[in-house]
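# Chain and residue survey
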Amino acid sequence: MGDGYHRFEPMYPDVLGEITGGTRITMDKVQCALGIFPRRTYINQAAEVILILQSMVNENMQFKIGLQLPTQDKKGNPIIIDTPKKTISLGMRPGEVGVLRIPIVPLPPTQPGTNFPVRLAVRYRTATEHSSYVRPPTGGAPPSVLSISQFKLQALREVEFAAHTWNQSAEIMTTYFDVVPKRIPLPQQDLKIGYESLWTHEAMAGERELVQAHVQDAVYVSAGLTKATVYKPLLYSVDDRFARRGLPLHPGEAKAIAKMMTYALDEGMNLEPGFDVQDSRWFQTLCQVLAHNADLEHMNKGELAIKYLFDAALFDAIILGFAVIQQRVKEDLGDISERINYANRLLTWFAGQGEADLTYAYLPLVLGGVVVNQFVTLREDNPWIMLDELREAYRGRVRLVTGEAVAIFRMMSELLDYAEDALRRARVPRP
């Protein structure tokens, strides 16, 4: 599709999520998770601070990582912790995922105690400002190939990773450990910081082959992703996930977003000019998911859409949404690269970064849902109901909007008029 959707180019897999089960802190071009193992240690026994770093972009990155250790416990007693270095410099290649291990040893006169905080400040830079994203901010498909053994992977999965940030700053992460009342003799050990690569972009060649091998399976499965199977599960999920990000939706708004996403999964990519199902992010993700686990072919389609395709379908619904509303409004909604940047920004917010903004719900998702409303209607569902609910939501919201949102709500008003007119012309009776 123009210069936006590259011909069948799957996104890099979510290695970090495969280890942490989804726990992550997103800092624009990198994602991290922090843990300590073991979580409970003795005086004179080493524990490891473990930081997983996942590059989101196709550029080399330079990191500077600062370690802050506690010096006093809650009662004011001194805490002495030995570690090789408190500032670590590190380079990562494009799209790389790696694990940094920093040993720490509590020494006497440290007293036993719980929840001693360890903070890591993570700073990074890339060579240029405008990197291309190779991973979706909300996670993505699991990896089929890893550079470490199953044994090492299992050991990493046993770490309790957390996503605690300090003072709301994503760059400073906190993890905690306990010192239990037992002392072991201080072993003669040379404490060393270690870094190991878990995945590099060379592995993408293997991923691509596996994905290509599952295109036909994905075509077969995708035939079952219809409005009858995915709309209701998507509606429930949209409502829940926007609310969890601090943006509760009116019923009509949730329906419009779910309809836009359903249109992207069902037939929109075939009907709208310039789009192709096989270039869509959700189809590529489906290929990756089936390459990872072929049994998912038999999964309930609504569940498959929610569990594995939601974020990819949201991305596609944004790109498709811009296209369907651009045909109906005079405002310039940007070129394909601007739309992709906006979709990435929205998904980054969805992944937990930044403040809730009503614009994210409306442009282009709710607006697009108004345009596709009558194509995504179940038998028992009258298309007038959503438009009436959106009129009500519009009256409540429009009084409070300022800035850029004013133009969005002006478009909303025009699109509602257009959609109601279309229903009248089609002689769809009001309920």
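All values reported here derive from a predicted model rather than from experimental measurement. (Residues numbered from 1 in each chain as written. Predicted model: local features only at pLDDT ≥ 70, side-chain atom pairs only at ≥ 80, totals over all residues. Heavy atoms only, no water.)

### Thoughts on the confidence of the model for the protein
In the predicted model, the protein carries a mean pLDDT of 92, and 97% of its residues have values of at least 70. The secondary-structure element of the protein with the lowest mean pLDDT is strand 10 (residues 164-166), recorded at 68, while helix 6 (residues 251-266) shows the highest, at 98. (pLDDT = per-residue confidence, 0-100. Helix = DSSP H or I, 4+ residues; strand = E, 2+ residues; numbered from the N terminus.)

### Concerning the environment of L423
Here L423 shows up in helix 13 (residues 405-425). Residue class for L423 comes out buried when judged on its relative accessible area of 1%. A C-alpha to C-alpha distance of 9.8 Å links L423 and N373, two positions 50 residues apart in sequence. For L423, the contacting residues outside a window of four places in its chain are Q374, P383, W384, L387 and V428. (Buried < 20%, exposed > 50% of the residue type's maximum accessible area, 1.4 Å probe, protein only. Contact = heavy atoms within 4.5 Å.)

### Description of unusual backbone geometry
Here the amide bond leading from P108 into P109 is cis, since omega sits at 10°, within 30 degrees of zero. The residue P109 is located in the loop between strand 8 (97-107) and strand 9 (113-126) in this model. Phi is positive for D28, close to 60°, though the residue is something other than glycine. Judged by its relative accessible area of 33%, D28 falls in the partly exposed class. Positive phi values are uncommon outside glycine, yet N115 reaches one of about 55°. Relative to the helices and strands, N115 is located in strand 9. Assessed through its relative accessible area of 38%, N115 is described here as partly exposed.

### Considering the packing of helix 8 (residues 281-292) against helix 9 (residues 301-326)
Contact geometry for helix 8 and helix 9: axes closest at 8 Å, N-to-C directions at 145°. Crossing angle aside, the handedness with which helix 8 passes helix 9 is right-handed. Where helix 8 approaches helix 9, its residues R281, W282, T285, L286 and V289 are matched on the opposing element by L304, Y308, L309, A312, A313, F315 and D316. (Axes fitted to C-alpha atoms, helices over the stretch in contact; angles between N-to-C directions. Left-handed = near helix turned anticlockwise from the far one by under 90°.)

### Notes on the packing of aromatic side chains
In this structure the tally under the stated criterion is 14 aromatic pairs. Each ring, one from F63 and one from Y124, has its centre 6.0 Å from the other, and the planes form 45°; the classification is tilted. Placement of F63 in strand 5 (residues 61-68) and of Y124 in strand 9 is noted, with a sequence separation of 61 residues between them. Overall, the relative accessible area of 4% leaves F63 in the buried class. A ring pair is formed by W282 and F283, whose centres lie 6.0 Å apart and whose planes are at 70°; its orientation type is edge-to-face. In this pair, the class of W282 matches that of F283, namely buried. Here the guanidinium or amino end of K259 rests over the ring plane of Y231, the centre of that ring lying 6.0 Å away. (Phe/Tyr/Trp six-rings, centres within 6.5 Å; stacked < 30°, edge-to-face > 60°. Lys NZ or Arg CZ within 6 Å of the ring centre and 35° of its normal.)

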